[in-house]
Amino acid sequence: MCSTKLILLAVLIVVCVTYHLVLKIYLGKPGKLSLVQFVNVTTSAFSIISGGSTIHTLITSQQVRSLLGDDIVITLFVGVAAVIWVSIQQMLKP
């Protein structure tokens, strides 16, 4: 993993953990984040970054498009977009 993706992952994790803590304080609950929630945020953040990288490759790489064909590229694009969508929902779960 390149340093840009690693930095983006760290920033995304910090933002989501902060979001969870602020949300819990706002709702009047103690501001603790369980290990299960932290792992959920971390894996979801990694899925979003990996999905974004995959979509970028599908859009910009002529070699990938010529190797796989347009139908498979569109199918992969929709599948990766669905993974990103589910990951965002998991990260925002209180």
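Residues numbered from 1 in each chain as written. Predicted model: local features only at pLDDT ≥ 70, side-chain atom pairs only at ≥ 80, totals over all residues. Heavy atoms only, no water.

Asks: What am I meant to see in the overall build of the chain here?
Replies: If you tally the helices and strands in the chain, you get four helices and zero strands. Looking at the 94 residues of the chain, the share that counts as buried comes to 22%. Accessible surface, the chain: about 6500 Å² in total, of which carbon and sulfur atoms supply 73%. (Helix = DSSP H or I, 4+ residues; strand = E, 2+ residues; numbered from the N terminus. Buried < 20%, exposed > 50% of the residue type's maximum accessible area, 1.4 Å probe, protein only. Areas by Shrake-Rupley, 256 points an atom, 1.4 Å probe, with all protein chains shown as cover.)

Asks: What exactly am I supposed to notice about helix H2 (residues 35–60) here?
Replies: Taking 1.5 Å per residue as the helical rise, H2 with its 26 residues ought to reach 38 Å, and the 37 Å between its terminal C-alpha atoms agrees with that figure. If you check which residues of H2 are buried, you get Val 41, Ser 44, Ala 45, Ile 48, Ile 49, Gly 51, Ile 55 and Leu 58. (Expected span 1.5 Å × (residues − 1).)

Asks: Sorry, what's going on with the side chain of Ser 44 here?
Replies: You can see Ser 44 is positioned in helix H2. For Ser 44, a relative accessible area of 4% corresponds to the buried category. Once residues within four sequence positions are removed from consideration, Ser 44 is found in contact with Ser 87, Gln 90 and Met 91. (Contact = heavy atoms within 4.5 Å.)

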